[in-house]
Amino acid sequence: MISGERIKERLTVLGATQAQLARAVGLSPQAISKLTMGGTQDSPKLYQIARFLRTTPEYLSEESNEPGSVEFADTFAIDDRIIEIPVIDLAYGMGGTFLPDVEPEVRSEPFPLSFIRRYTKARAEDLFVADGLGDSMAPTIGSNDQMLIDRSIDTLRIADQIWAFTFGGFGMVKRLRPRPDGSVAILSDNPNVPEDRAVDDELFIIGRVVAIVRKV
């Protein structure tokens with residue numbers, strides 16, 4: 001027996017809708033509505049429903065009280081409207097945050113594909129979200145704003161776009177402007193922060209910042 005309340009609970013946790021669930025598992029919206037209202041007690045799509053809801057069949061059928069977590073083999077769409085994107089806890093600092101040799105802790109979160117497509121056509125595995133620190137990019141980027149970074153873009157073609165990169169062993173998020181002499185100007189939006197400049201192989205581009213999500 002499937003618990004309609006637990007289906008609704010997981011939809012709320014993920015910020016997903018019954019219509020998205022229906023499309024993902026190949027059921028009609030009416031069938032999903034019946035499941036959530038308790039009008040239907042079973043479904044051959046139990047495992048697909050559990051996968052979409054990032055839980056276990058046992059939790060949905062009330063055989064377990066632990067929601068659990070489903071690990072996905074890739075970072076592509078759960079359905080055609082939700083994709084998994086890594087969220088890196090170790091921030092790239094707008095003032096310069098040292099990047100140690102150890103890998104940062106990474107988790108994945110679901111994002112609506114329609115939202116992501118406003119900013120980039122990149123594959124999910126080429127995207128990640130990171131927090132920023134400092135005020136050198138204020139007011140464009142505030143401390144703790146979240147940045148969507150596209151790693152498929154790694155070549156400077158247009159001056160003054162915002163990039164995530166490493167420079168002298170530090171991770172940074174700044175504007176980059178190629179100079180005629182082959183160097184790259186590193187620019188802050190905060191007028192109180194002076195311009196820096198990279199030459200030769202001092203600068204390694206990670207990706208371009210294609211969106212900024214502000215916490216309110």
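Just so we're clear, the structure is a prediction, and the values are computed from it rather than from any experiment.

This paragraph deals with the nonpolar core. A general tendency of soluble globular proteins is for nonpolar side chains to be buried together. Ranked by internal contacts, the top residues of the largest apolar core, which has 18 residues, are Ile7, Leu11, Leu21, Ile49, Phe52, Leu53 and Leu60. Contributing elements (two or more residues each) for this core: α1 (4–14), α2 (18–25), α3 (29–37), α4 (46–52) and α5 (57–60). Counting residues per element, this core draws most heavily on α4, at four residues. Setting aside residues no more than four positions away along its own chain, Leu53 makes contact with Ile7, Arg10, Leu11, Leu14 and Leu60. Among the nonpolar cores identified, the runner-up in size contains 14 residues, and Tyr92, Ile141, Met147 and Ile149 belong to it.

Evaluation of the coordinates by the stated rule reveals nine salt bridges. For Arg54, the salt bridge goes to Glu84, with nearest N and O atoms at 3.5 Å. Of the two residues, Arg54 is situated in the loop between α4 and α5 and Glu84 in strand β1 (residues 82–88); the sequence distance between them amounts to 30 residues. We note that Arg54, like Glu84, is buried. Here Asp126 makes a salt bridge to Arg123, at a shortest N to O gap of 3.3 Å. Taking relative accessible area as the criterion, Arg123 reaches 46% and is therefore assigned partly exposed. Three or more residues joined by partner-sharing salt bridges are found here, namely Arg179, Asp181, Glu195 and Arg197.

A separate point is the packing of α2 against α3. In contact at an axis separation of 9 Å, α2 and α3 are set at 115° when each is read in the N-to-C sense. Crossing geometry of α2 relative to α3 is assigned as right-handed. Across from Gln18, Leu21, Ala22 and Val25 in α2, the residues of α3 making contact are Pro29, Ile32, Ser33 and Thr36. Taken together, the residues that form the contact of α2 with α3 break down as five nonpolar, three polar and no charged.

As a further point, take the packing of aromatic side chains. Enumeration according to the criterion identifies one aromatic pair in this entry. Aromatic pair Phe115 and Tyr119: ring centres 5.3 Å apart, planes at 70°, arrangement edge-to-face. Since its relative accessible area comes to 36%, Tyr119 is described here as partly exposed. The aromatic ring of Tyr59 is capped on one face by Arg6, whose charged end is 4.2 Å from the ring centroid.

The next thing to look at is α3. Along an α-helix, residues three or four positions apart point the same way, because every turn accommodates 3.6 residues. Turning to α3, its buried residues are Ile32, Leu35 and Thr36. Taken down its axis, α3 places every buried residue within 95° of arc, on the same side. The exposed set on the far side of α3, more than 90 degrees from its buried face, consists of Gln30, Lys34 and Met37. Those residues of α3 that are buried lie in contact with α1, α2 and α4. Gly38, located one to two residues past α3, shows a positive phi value of around 85°.

Rules behind the numbers
For every chain, the first residue of the written sequence is number 1, and numbering continues from 1 onward in sequence order. Restriction of local features to residues with pLDDT of at least 70 applies here, the model being predicted, together with a cutoff of 80 or more for giving and counting side-chain atom pairs; totals for whole chains, interfaces and linings are based on all residues. With hydrogens and water stripped out, all remaining heavy atoms of the structure feed into the side-chain values. To qualify as a nonpolar core, a set must consist of buried Ala, Val, Leu, Ile, Met, Phe, Trp, Tyr and Cys residues joined through side-chain atoms within 4.5 Å. Residue burial is assigned from relative accessible area. The probe radius is 1.4 Å, only protein chains are included, and a residue is buried under 20% of its type maximum, exposed over 50%, and partly exposed in between. Starting at the N terminus, helices and strands are each numbered in turn, a helix being any DSSP run of H or I of at least four residues and a strand any DSSP run of E of at least two. Any two residues having at least one pair of non-hydrogen atoms within 4.5 Å are treated as being in contact. Here a salt bridge means any side-chain nitrogen of Lys or Arg lying within 4 Å of a carboxyl oxygen belonging to Asp or Glu. Orientation is described by axes fitted as lines to C-alpha atoms, over the contacting stretch for helices, and by angles from 0 to 180 degrees between their N-to-C directions. What makes a crossing left-handed is the near helix being turned counterclockwise from the far one by less than a right angle; a clockwise turn instead makes it right-handed. Gly is placed with the polar residues, together with every amino acid not listed as nonpolar (Ala, Val, Leu, Ile, Met, Phe, Trp, Tyr, Cys and Pro) or charged (Asp, Glu, Lys and Arg). Classification of ring pairs rests on two measures: the distance between centres of Phe, Tyr or Trp rings, Trp counted by its six-membered ring, which must be within 6.5 Å, and the angle between planes, read as stacked under 30 degrees, edge-to-face over 60 and tilted in between. Consider the ring centre and the ring normal. A charge sits over the ring if Lys NZ or Arg CZ is within 6 Å of that centre and within 35 degrees of that normal. Summarising the geometry, the arc corresponds to the directions from the helix axis toward the C-beta atoms.

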